[in-house]
Amino acid sequence: LVQDIAGLPNGYYSIAGMGMGGNGYQLEDMWIEISSGDQKQASAHGTWKAGFWEGGSVYDWTTFTTDIIEVKDGNVHVAFRDDGDNHLSFTGMQLFYYGATPDFTVMIQPLINAVREQKGLLTLEGDAAAVEAILAKIPATLATIDDYYAAKDLVAEAQDYIDNASDYLASHDLTALY
């Protein structure tokens, strides 16, 4: 499913939409993308979900969201994609406009806040300090889209640290070490 949209104001855009495999389980073959000129962003692929006959819900839609791109010519190409030979359903496609000069510093803050909330669940103070050290690398002001993407990478690095630390602690009995 593809659509070209013309006549948009120049600026920054992303897209989101919901998809579901024909029998509920082919989501790992699906994603959504947005492009303009030489810029392109794609969402992550979906994850496996049980079909309704396997206990899953027929109404279990997955939301796909892309990152932002800069549109310089007023034209955007959006698409729901599929790697396989599946019957797919899509709905709720939304095009988001962030303006010609978005405040990237404000845009990154909810992601930082979410990681800091997850950091609060860590058991060891050293792990929490390591996460803060990663987040401290994010500049106070993000002036460009490249600064924004670099900050998102650091947020992802901090989240990966939290996930790995949590997985490690869940799989080891620390009381046996002392």
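Each remark here, short or long, concerns the structure printed above.
In this report, we go over the structure that sits alongside the text. Keep in mind that what you see is a predicted model, and the values were worked out from it rather than measured.

Looking now at the packing of aromatic side chains. Counted according to the given criterion, the structure contains six aromatic pairs. Summarising the aromatic geometry, the rings of Phe104 and Tyr148 are spaced 5.8 Å apart at their centres and angled 40° between planes, so their arrangement reads as tilted. Taken together, the residues span a long stretch of sequence, with Phe104 in helix H1 (residues 104-119) and Tyr148 in helix H3 (residues 145-171) at a distance of 44 residues. Residue Phe104 shares its accessibility class with Tyr148, and that shared class is buried. By the ring-pair criterion, three or more aromatic residues cluster together here, those being Tyr12, Phe104, Tyr148 and Tyr149.

Once that is clear, we can look at the environment of Leu8. Note on placement: Leu8 falls in the loop between strand S1 (2-5) and strand S2 (11-21). Beyond its immediate chain neighbours, meaning those up to four positions away, Leu8 contacts Tyr13, Gly74, Val76 and Leu95.

Its 27 residues place the ends of H3 39 Å apart at the C-alpha level, agreeing with the 39 Å of an ideal helix rising 1.5 Å per residue. Those residues of H3 that fall on the buried side of the exposure criterion are Ile145, Tyr148, Tyr149, Ala151, Leu154, Val155, Ala158, Ile162, Ala165 and Leu169.

What follows deals with the sheet that holds strand S7 (residues 76-82). Strand order in the open sheet made by the four strands is S1-S7-S3-S4, with antiparallel pairing throughout. If you trace the sheet from one side to the other, it starts and ends with S1 and strand S4 (39-42), each paired once. The sheet shows a mean angle of 15° between the axes of neighbouring strands, taken without regard to direction. As paired strands, strand S3 (residues 30-36) and S7 are joined by six bridges and run antiparallel to one another. Residue pairing across strands places Ile32 opposite Phe80, the latter belonging to S7.

Calculation notes
Residues numbered from 1 in each chain as written. Predicted model: local features only at pLDDT ≥ 70, side-chain atom pairs only at ≥ 80, totals over all residues. Heavy atoms only, no water. Phe/Tyr/Trp six-rings, centres within 6.5 Å; stacked < 30°, edge-to-face > 60°. Helix = DSSP H or I, 4+ residues; strand = E, 2+ residues; numbered from the N terminus. Buried < 20%, exposed > 50% of the residue type's maximum accessible area, 1.4 Å probe, protein only. Contact = heavy atoms within 4.5 Å. Expected span 1.5 Å × (residues − 1). Pairing = 2+ DSSP bridges. Axes fitted to C-alpha atoms, helices over the stretch in contact; angles between N-to-C directions.

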